[in-house]
Amino acid sequence: MTTPSISVSFLFIYALFLGYNVLELEASHHIFARYQTSPKVLHKALVNQAYRTGYHFQPPKNWINDPNGPMVYKGIYHLFYQYNPKGAVWGNIVWAHSTSTDLVNWISHKPAIFPSQQADINGCWSGSATILPGGKPVMLYTGIDPSERQVQNLAMPKNLSDPYLTEWVKYPKNPLMLATPMNRINGSAFRDPTTAWLGPDKLWRVLVGSRDNRVGVAYLYKSKDFDHWNLAKEPLHSVERTGMWECPDFFPVNTDGFEGLDTSARGKRVKYVLKISLDETKHDYYTIGTYDVVKDKYFPDKGMVEGDEGLRYDYGKFYASKTFFDDEKKRRILWGWTNESSSVKDDVLKGWSGIQAIPRSVWLDKSGKKLLQWPIKEIEKLRENQVNWPSKILEGGSKLEVIGVTAGQADVEVSFEVSDLKKVEVLKKKHYNPQLLCSKNSASVRGGLGPFGFLTFASNCLREYTAVFFRIYNHRNKHKVLMCSDQSRSSLNKHNDNTTYGAFVDLDPTQEKLSLRSLIDRSIVESFGGGGKVVISSRVYPTLAIDNQIKLFVFNNGTANVKITSLNAWSMKKAQIN
Ligand SMILES: *[C@@H]1O[C@H](CO)[C@@H](O)[C@H](O)[C@H]1NC(C)=O
Ligand SMILES: *[C@@H]1O[C@H](CO)[C@@H](O)[C@H](O)[C@H]1NC(C)=O
Ligand SMILES: *[C@@H]1O[C@H](CO)[C@@H](O)[C@H](O)[C@H]1NC(C)=O
Ligand SMILES: *[C@@H]1O[C@H](CO)[C@@H](O)[C@H](O)[C@H]1NC(C)=O
Ligand SMILES: *[C@@H]1O[C@H](CO)[C@@H](O)[C@H](O)[C@H]1NC(C)=O
C-alpha cells in the first residue's frame, strides 16, 4: 500500500514545473539544449497516449497500484488491484476487479471491495486471497477504520455459482485483527495480510506487515475458523533497521523443478520464500529459508542478505508484488505493480498512472540460492512476424538493427557467447554496488567485454534510447557479469526519473550462454537476464522514439567482439484488456 504522502510530492513536483525551462530542441547544440524536449512534442505524445501499453495490464484510465488477491477460481483468473476511480493520482482507493481465462486478455467488472462498513469506512487497502478447503475463496484485506487505524477484515463472494465472483460481502464481525495498547502493535503501521496457510495443527496462519520503530516485522496470527484470530507470541520474522514491511508474501517452493506448490504444502523437498516490500526504499526483496511450523519461525538460509541489499525480484520499477498458486497449471505466479517514472503533472495529462508487470512464473534455481522468473507462457500467444537471425559476430563498437518487428511493442530474445576474455576489465574493490557501477559505466562508456545488449526505444540518430546490456568484469580471477538497464538517455524530457538500474548476474560467461529477453511495450522494457536470474523493469517516455519512429538494435560498445548465437524477435499483438 502506498502511503498518503502523494499530495506533498505533488506540490513538490508542481513547484519544479514552474521553473520549467522552455527550450526548443533545435535551438542550439549546447549540452543543456540536448536534454530539453519541446513541450509541444511532449504534450502531443501524452494526449495521443503514446505511452499506453499494448499488452500490459492497465485499466482504461486513472491511478492503480498494488495487485490484490490474485487467484484462480473454476478456471478463471482473478486480479483485483488498488484503484482510484476518480483520478490519475493516489486516493479514493477501491479494489477494482478483472478476470481472464489466459492471464493475457482481461475483462473488467465493477469494484469488488469498497468502503461500506465501519471497519473500512476510510479505505480498503491491500490484501490476499485464501482458497478454503472445498474451493471457496475468501479475502483478508486492510481496512481503515473511523479512527484512521489500520485493521484487518474479511470479505467473501456473495454467489459461488457466479464464475466471475462479481459481488463480495463483508464479514459482519470485522475487524478481525486490531492494533491495541495490549498487543503493542502500531495501528498506523499494520497492513497487507498474506494468503493464509494451514498448519499440521489445523490452525490457519496469516502474516500482517508492520514495524516497531525501525524494526520491520511480519506479525503472525492464528485461527481455527477464520473468525477468531490470535496474535502469536512472536512474529514469524523481523529484521532491524529495515523500516515498515509492506505486502509480505510467504510461500513454499520445490527444491527440484518448476512445479509450484500450494501455500499450505509441506515436506522434505520444500523451502520457503519470504518477500517483503520495503516502504523506505520501495523495493521488493526476498530471502530463501526454512520454516519451523511448530515454533512458527522462519529462518533465512546462511548467506542470505536481509533488507535492501538482498535479492530482488526486479532491480527496476516493481513493488508491492504478490504470488498465488495456480492449481490448474501447477505453477506459482508473481504479480507486481510497475509504477510510472514520469512526473505527476505528466500522469495527470495522460490520465493514468501505474500498470501491472507481465505475470511471471517463479521457481527455485538449482543452486537453491535464488528464484528464477520467466514471463508466463501464455504471453507468447501475442507473438507475430518472427524475425530469426543465424549466428553472427557482433564486432566491438558496432550495432545491428533488428528489422521486421514493431520495435515499440515487441518480444526479443538474444544469446551471446564470449571468447575474447583478454579484454575484460578488472574490478579491484571488494564490494561494488552494481547500480552505481551501471550509472558510472553507462552504455555510452566504451568497455572491454561489453557493454553489449539491446538499444530499445531508439530514435533516429540515437538521440534517445534505453540500453539494456551486459558488461563483463574480472574480479579476483572470476568473471562477474553486470546487467544494466540504462535510462540516462531514454528521453529528452528531463522531468522523468532517469535512474539507471543494475545487478550482477550469477553465471559464468565462459561456461553458460548469456541470454537476454526484453518485453518492450510503449513505455516499459522488462528485461530477463541469464534465463530469469536477474529481472529489470524500466519505465521510459521517449519524445522522438514514439509510435512508428521507434528502432531496436543489438549493440556492442566494447572493444572485444562477441558472438550472437541466436536472436529471435516478434512483434506483439495488442491484448484485449479491460
Ligand atoms: C448466482 O449466479 C448464478 C450464475 O451466474 C445465477 O444463475 C444465479 O441466479 C445467482 N444467484 C443469485 C442468488 O444471485
Ligand atoms: C506508528 O507508525 C507511524 C507510521 O509509520 C509512525 O509515524 C509513528 O511514529 C509510529 N508510532 C510509534 C509509537 O512508533
Ligand atoms: C513511483 O514513482 C514516482 C515517480 O518516479 C516516485 O516518486 C515514487 O516514489 C514511486 N513509488 C513507488 C512505490 O515506487
Ligand atoms: C559507445 O561509446 C562511445 C564512447 O566511446 C559513445 O560515444 C557512444 O555513445 C556509445 N554508444 C552507445 C550506443 O551508447
Ligand atoms: C536525469 O535526472 C536528473 C534529476 O532529475 C536531471 O538533473 C538530469 O538532467 C537528467 N538527465 C538526463 C540525461 O535527462
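Values in this document were obtained by computation on a predicted structure and should not be read as measured data.

Scanning the protein chain from N- to C-terminus turns up five helices and 39 strands. Rg of the C-alpha trace for the protein chain: 24 Å, near the compact-globule value of 25 Å for 578 residues, within the 12% margin. When the backbone C-alpha atoms are referred to their principal axes, the protein chain occupies close to 65 × 50 × 45 Å. Taking all 578 residues of the protein chain together, 61% fall into the buried category.

Another aspect to go through is the pairing of strand β2 (residues 76-84). Burial analysis of β2 places nine of its nine residues in the buried class, the great majority of the element. Along β2, one buried face is formed by Ile76, His78, Phe80, Gln82 and Asn84 and the opposite face, lined by Tyr77, Leu79, Tyr81 and Tyr83, is buried too. Two strands pair when backbone bridges link them, and strand β1 (residues 62-73) and β2 are joined in this way by seven bridges, in the antiparallel orientation. Bridging across to β2, Asn68 finds its partner in Phe80. The turn joining β1 and β2, which pair antiparallel and follow one another in sequence, is formed by two residues; a positive phi near 45° is taken by Lys74. Across seven bridges, the pairing between β2 and strand β3 (residues 94-100) is antiparallel. Bridge pairing in β3 links Gln82 to Trp95.

Considered for burial, the residues of helix α3 (residues 39-47) that qualify are Leu42, Ala45 and Leu46. Buried positions in α3, seen along its axis, are confined to an arc of 100° and lie on one side of it. Structural note: α3 exposes Lys40 and Lys44 on the side pointing more than 90 degrees away from its buried face. On its buried face, α3 is in contact with α4 (344-350). Taken from the residues just after α3, Gln49 is the one with a positive phi, measuring 60°.

Once that is clear, we can look at the UniProt feature "domain: Glycosyl hydrolase family 32 N-terminal" (unreviewed entry) in the protein chain. What UniProt calls "domain: Glycosyl hydrolase family 32 N-terminal" (unreviewed entry) maps, in this numbering, to residues 56-375. Helix makes up 2% of residues 56-375 and strand 49%, with an end-to-end C-alpha separation of 12 Å.

What follows covers the sheet that holds strand β4 (residues 107-113). Read across the open sheet, the five strands follow the order β4-β3-β2-β1-β22; overall the sheet is mixed. The open sheet terminates on both sides in strands that have one partner only, identified here as β4 and β22 (352-353).

Let's shift gears to the site of ligand 2. As a structural note, the neighbourhood of ligand 2 is formed by Asn186, Ser188, Ala189 and Arg211. Asn186 is positioned with one of its side-chain polar atoms (N or O) 2.3 Å from an oxygen atom of ligand 2. A distance of 2.9 Å separates an oxygen atom of ligand 2 from a polar side-chain atom of Arg211. By residue class, the composition of the shell around ligand 2 is one nonpolar, two polar and one charged.

Turning to the domain arrangement of the protein chain, a few remarks are in order. Segmenting the protein chain into domains produces domain 1 (8-30 + 66-338) and domain 2 (383-572). Spacing between the C-alpha centres of domain 1 and domain 2 amounts to 32 Å. Each side of the interface is counted separately: domain 1 has nine residues, and domain 2 has 14 residues. Where domain 1 touches domain 2, the interface holds zero salt bridges. Counting every contact that joins domain 1 to domain 2 gives three residue pairs in polar contact (both at pLDDT 80 or more). Broken down by class, the residue content of the side of domain 1 that touches domain 2 amounts to five nonpolar, two polar and two charged.

This part takes up unusual backbone geometry. That bond from Asn174 to Pro175 is cis: its omega, 0°, falls within 30 degrees of zero. Mapped onto the secondary structure, Pro175 falls in the loop between β8 (168-170) and β9 (190-191). With an omega of 5°, the peptide bond between Gly450 and Pro451 qualifies as cis. With phi around 60°, Gln49 is a residue other than glycine that occupies positive phi space. Within the secondary structure, Gln49 sits in the loop between α3 and β1. One non-glycine residue, Arg476, lies in the positive phi region at around 50°. The residue Arg476 is located in the loop between β32 (466-475) and β33 (478-486) in this model.

Time to look at the nonpolar core. Within the largest apolar cluster, 41 residues are counted, with the highest numbers of intra-cluster contacts made by Phe416, Phe470 and Val554. A total of four residues in this core trace back to one element, the largest contributor, which is strand β39 (residues 562-572). Contacts of Val554, omitting those with residues within four sequence positions, involve Trp389, Leu394, Ser398, Lys399, Leu400, Val402, Phe416, Gly453, Phe454, Ile564 and Leu567. Among the nonpolar cores identified, the runner-up in size contains 29 residues, and Leu79, Tyr83, Ile333 and Ile376 belong to it.

Summarising the model, the protein chain shows a mean pLDDT of 93, and 93% of its residues fall at 70 or more. Taken as a whole, residues 1-33 scores under 50 in pLDDT and shows 45 contacts with residues more than four places along the chain or in a different chain.

Another point: the packing of aromatic side chains. A full pass over the atoms with the stated rule returns 29 aromatic pairs. On the basis of an interplanar angle of 75° and a centroid distance of 5.9 Å, the ring pair of Tyr81 and Tyr83 is categorised as edge-to-face. For the pair Tyr81 and Tyr83, one class covers both residues: buried. Between Phe226 and Trp229, the aromatic rings sit 5.1 Å apart at their centres with planes inclined by 80°, giving edge-to-face as the arrangement.

Summed over all chains, the structure comprises one disulfide. The disulfide that involves Cys438 links it to Cys484, with 2.1 Å between the sulfurs. Taking the sign of the S-S torsion, -80° for the link of Cys438 and Cys484, the bridge is left-handed. One end of the pair, Cys438, is in helix α5 (residues 434-440); the other, Cys484, is in strand β33, with 46 residues separating them in the sequence. Classification of Cys484 by relative accessible area gives buried; the value is 0%. You can see Cys247 has no disulfide; the closest cysteine sulfur is in Cys124, sitting 15 Å from it.

A separate point is the pairing of strand β11 (residues 204-212). Burial of β11 is extensive: seven of the nine residues sit out of reach of the surface. Note that β9 and β11 share two bridges and pair antiparallel. Pairing of Phe190 across the sheet is with Ser210, part of β11. Note: strand β10 (residues 197-198) against β11, two bridges, orientation antiparallel. In the sheet register, Trp197 faces β11, and the bridge partner there is Arg205. Counting the residues in the hairpin turn of β10 and β11 gives five residues, including Lys202, whose phi is positive at 65°. Where β11 and strand β12 (residues 215-223) come together, nine bridges link them in antiparallel fashion. Across the sheet, the residue bridging to Val208 is Tyr219, located in β12. The antiparallel pairing of β11 with β12 creates a hairpin that spans two residues between the two strands, and Asn213 there sits at a positive phi of about 55°.

Parameters and conventions
Residues numbered from 1 in each chain as written. Chains lettered and ligands numbered in written order. Predicted model: local features only at pLDDT ≥ 70, side-chain atom pairs only at ≥ 80, totals over all residues. Heavy atoms only, no water. Helix = DSSP H or I, 4+ residues; strand = E, 2+ residues; numbered from the N terminus. Rg over C-alpha atoms; globule rule 2.2 N^0.38 Å. Buried < 20%, exposed > 50% of the residue type's maximum accessible area, 1.4 Å probe, protein only. Pairing = 2+ DSSP bridges. Arc of directions from axis to C-beta. Contact = heavy atoms within 4.5 Å. UniProt positions renumbered as here; feature names shortened; annotations may be inferred. Near = heavy atom within 4 Å. Polar contact = N/O pair within 3.5 Å; in protein donor to acceptor, adjacent residues only side chain to side chain. Nonpolar A, V, L, I, M, F, W, Y, C, P; charged D, E, K, R; others polar. Domains from an automatic or database assignment. Salt bridge = Lys/Arg side-chain N within 4 Å of Asp/Glu carboxyl O. Core = buried A, V, L, I, M, F, W, Y, C linked by side-chain atoms within 4.5 Å. pLDDT = per-residue confidence, 0-100. Phe/Tyr/Trp six-rings, centres within 6.5 Å; stacked < 30°, edge-to-face > 60°. Disulfide = S-S within 2.5 Å.

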